[in-house]
Amino acid sequence: RDREQVWRTKFAHRPESMQLLDTHAAAVRAFFTTVDNAFLPALEAGDLAKARMIREQTLQAQYQTNTASEAAFISQTALMRLNELFWRGLAINLNC
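Residues numbered from 1 in each chain as written. Predicted model: local features only at pLDDT ≥ 70, side-chain atom pairs only at ≥ 80, totals over all residues. Heavy atoms only, no water.

Tallying secondary structure elements over the protein chain gives 3 helices and 0 strands in all. Its helices and strands taken in sequence order, the protein chain reads α-α-α from the N to the C terminus. By the compact-globule yardstick of 12 Å for 96 residues, the protein chain is too spread out, its C-alpha radius of gyration being 19 Å. The dimensions of the protein chain, computed from C-alpha atoms along their principal axes, are 70 × 20 × 15 Å. Each of the 96 residues in the protein chain was classed as buried or not, and the buried ones make up 25%. Considering only intrachain contacts with a sequence separation of at least 6, the fraction spanning at least 24 residues in the protein chain is 60%. As displayed, the protein chain has an accessible area near 7,000 Å², and 59% of this comes from carbon and sulfur atoms. Positive and negative charge centroids in the protein chain, built from 11 and 10 side chains respectively, lie 5 Å apart. (Helix = DSSP H or I, 4+ residues; strand = E, 2+ residues; numbered from the N terminus. Rg over C-alpha atoms; globule rule 2.2 N^0.38 Å. Buried < 20%, exposed > 50% of the residue type's maximum accessible area, 1.4 Å probe, protein only. Contact = heavy atoms within 4.5 Å. Areas by Shrake-Rupley, 256 points an atom, 1.4 Å probe, with all protein chains shown as cover. Lys, Arg positive; Asp, Glu negative; His and termini not counted. Charge placed at Lys NZ, Arg CZ, Asp CG, Glu CD.)

You can see S69 is positioned in helix α3 (residues 48–93). The class of S69 is buried, set by a relative accessible area of 9%. The residues contacting S69, other than those within four sequence positions of it, are T23, H24 and A27. A polar side-chain atom of S69 sits 3.0 Å from the main-chain carbonyl oxygen of N66. (Polar contact = N/O pair within 3.5 Å; in protein donor to acceptor, adjacent residues only side chain to side chain.)

Tallied over the entire structure, the rule returns 2 aromatic pairs. Measuring from centroid to centroid gives 5.1 Å for F31 and F32, while their planes differ by 90°, and the two rings are edge-to-face. For F31, a relative accessible area of 16% gives the class buried. Through successive ring pairs, a cluster of aromatic residues spans F31, F32 and Y63. (Phe/Tyr/Trp six-rings, centres within 6.5 Å; stacked < 30°, edge-to-face > 60°.)

Structure representation (structure tokens):
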């Protein structure tokens, strides 16, 4: 949550980044909701078959969604930063 708030503060002025951050945050929350509400209770109850099923049918897909949304967010953020540096460098070279 704290890390999410840092990112939200940093990119509040960039709607495209906020949209990607919202997607990523939702994926992370879904993953940990499943861990907390289904996977860990199954393990604590000793129901290894159920825990394995949750891992294979739900958690793996949620993890892949999380990884893909994180990669999209990082790629977009890096691209925007490179664009800023390019334009700043161009302005310096043109003595603007």
